[in-house]
Amino acid sequence: MSEDSEVGIVLANAPRLERAFGRKLAALITLASLYFARRPSGMVSLLASLLFLAALALQVWFKFRG
């Protein structure tokens, strides 16, 4: 299966995920699925992904902390 068709499948299922899980959780699942559907492109993208996840974790922590 090519990368384009895997991304297409993920995006085609996004509305179903939204109906089943709600908008925020569906967005998270879709982003994670898109990340794993594409091929890894090296250390720069890995570092950018880790920084993005760290920023997201900080936002969640600040929201629940008060």
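Reference entry: report on the structure contained in this document.

### Some words on helix H2 (residues 23–37)
Since the α-helix turns once every 3.6 residues, residues separated by three or four places project in the same direction.
Phase 1 of the analysis: Taking 1.5 Å per residue, 15 residues should reach 21 Å; H2 reaches 21 Å between its end C-alpha atoms and fits that length.
Phase 2 of the analysis: Buried within H2 are the following residues: Ala 26, Thr 30 and Ala 37. All buried residues of H2 fall inside an arc of 35° around its axis, so they share one side. In this structure, H2 carries Lys 24, Leu 31 and Phe 36 as exposed residues pointing more than 90 degrees from its buried face.

### As for the packing of aromatic side chains
Phase 1 of the analysis: Scanning the entire structure with this criterion turns up one aromatic pair.
Phase 2 of the analysis: Between Trp 61 and Phe 62, the aromatic rings sit 5.3 Å apart at their centres with planes inclined by 45°, giving tilted as the arrangement.
Phase 3 of the analysis: Since its relative accessible area comes to 48%, Trp 61 is described here as partly exposed.

### With respect to the layout of surface pockets
Phase 1 of the analysis: Of the volumes computed, that of the largest pocket is approximately 420 Å³.
Phase 2 of the analysis: Lining the largest pocket are 15 residues; nearest its centre among them are Leu 28, Leu 31, Phe 52, Leu 53 and Leu 56.
Phase 3 of the analysis: Put simply, the parts of the chain that give the lining of the largest pocket at least two residues each are H2 and helix H3 (43–65).
Phase 4 of the analysis: Classifying every residue of the lining of the largest pocket by side-chain character gives 13 nonpolar, one polar and one charged.

What counts and how
- Residues numbered from 1 in each chain as written.
- Predicted model: local features only at pLDDT ≥ 70, side-chain atom pairs only at ≥ 80, totals over all residues.
- Heavy atoms only, no water.
- Helix = DSSP H or I, 4+ residues; strand = E, 2+ residues; numbered from the N terminus.
- Expected span 1.5 Å × (residues − 1).
- Buried < 20%, exposed > 50% of the residue type's maximum accessible area, 1.4 Å probe, protein only.
- Arc of directions from axis to C-beta.
- Phe/Tyr/Trp six-rings, centres within 6.5 Å; stacked < 30°, edge-to-face > 60°.
- 1 Å grid on protein atoms, 1.4 Å probe; cavity = no way out; pocket = protein on both sides within 12 Å on 5 of 7 lines; lining within 4 Å.
- Points joined across faces, edges and corners; volume = space filled by probe spheres on them.
- Nonpolar A, V, L, I, M, F, W, Y, C, P; charged D, E, K, R; others polar.

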